Amino acid sequence: MARMRLRLPVLKLVGTALFVLGSIVLALSIIGLVPGDQPIEAGAAMFTYLVIDILMLFIATFMVSAGMFFYIYGGSWRGAGEPRRRRS
């Protein structure tokens, strides 16, 4: 019996995971920027939270765009179950 390997487009799966995780981080960083969500302490802690939220926005934007890139250019789902054929 011939054993058939399942060939999944790994870059497309990585792109999907990056896009979903980046979207979640983006949502959390936007929620963190909403006024009234910060703790009661004022001063340097508020600035620290602002800087952390801005860095999370940057990282989430990078993750979403990299995920879209890998999903678009990551290969095809069409040939995932078919064995590779040699050219003669």
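Residues numbered from 1 in each chain as written. Predicted model: local features only at pLDDT ≥ 70, side-chain atom pairs only at ≥ 80, totals over all residues. Heavy atoms only, no water.

**Q** Mind laying out the overall build of the protein, listing which residues take part and the relevant values?
**A** Tallying secondary structure elements over the protein gives 2 helices and 0 strands in all. Residue burial in the protein is summarised as follows: out of 88 residues, 16% are buried. Across the protein, every contact between residues at least 6 apart in sequence was considered, and the portion connecting residues at least 24 apart equals 84%. Of the roughly 7500 Å² of accessible surface on the protein, a fraction of 70% belongs to carbon and sulfur atoms. (Helix = DSSP H or I, 4+ residues; strand = E, 2+ residues; numbered from the N terminus. Buried < 20%, exposed > 50% of the residue type's maximum accessible area, 1.4 Å probe, protein only. Contact = heavy atoms within 4.5 Å. Areas by Shrake-Rupley, 256 points an atom, 1.4 Å probe, with all protein chains shown as cover.)

**Q** Summarise a nonpolar patch on the surface; cite the residues concerned and give the values.
**A** Together, Phe 19, Val 20, Leu 21, Ile 24, Leu 28, Ile 31, Met 68, Phe 69, Tyr 71, Ile 72 and Tyr 73 line one region of the surface with nonpolar side chains, adding up to about 1100 Å² of accessible area. Those elements that provide at least two residues to the nonpolar patch are α1 (10-32) and α2 (44-73). Sort the elements by how many residues they give to the nonpolar patch and α1 lands first, with 6 residues. Along the polypeptide, Ile 72 turns up in helix α2. You can call Ile 72 exposed: its relative accessible area is 55%. (Patch = residues over 30% accessible without salt bridge, like charges linked within 9 Å, V, L, I, M, F, W, Y side chains within 5 Å. Salt bridge = Lys/Arg side-chain N within 4 Å of Asp/Glu carboxyl O.)

**Q** Please provide a residue-by-residue account of α1, values included.
**A** Between the first and last C-alpha of α1 there are 33 Å, a value that for 23 residues agrees with the 33 Å anticipated at 1.5 Å per step. Among the structural elements, α2 are those in contact with the buried residues of α1. (Expected span 1.5 Å × (residues − 1).)

**Q** Can you explain the packing of α1 against α2? Please cite residues and give values.
**A** Close contact between α1 and α2 brings their axes to 7 Å; oriented N to C, the two are set at 155 degrees. Between α1 and α2, the angle is such that the two are roughly antiparallel. Of the two elements, α1 crosses α2, and the hand of that crossing is left-handed. Tallied by class, residues from the contact of α1 with α2 come to 17 nonpolar, 7 polar and 2 charged. (Axes fitted to C-alpha atoms, helices over the stretch in contact; angles between N-to-C directions. Parallel < 35°, antiparallel > 145°, perpendicular 65-115°, else oblique. Left-handed = near helix turned anticlockwise from the far one by under 90°. Nonpolar A, V, L, I, M, F, W, Y, C, P; charged D, E, K, R; others polar.)

**Q** Could you give me a rundown of the side chain of Ser 29, with the residues and numbers involved?
**A** Within the fold, Ser 29 resides in helix α1. Exposure remark for Ser 29: the relative accessible area of 0% places this residue in the buried category. When residues no more than four places from it in sequence are discounted, the contact partners of Ser 29 are Asp 53, Met 56 and Leu 57.

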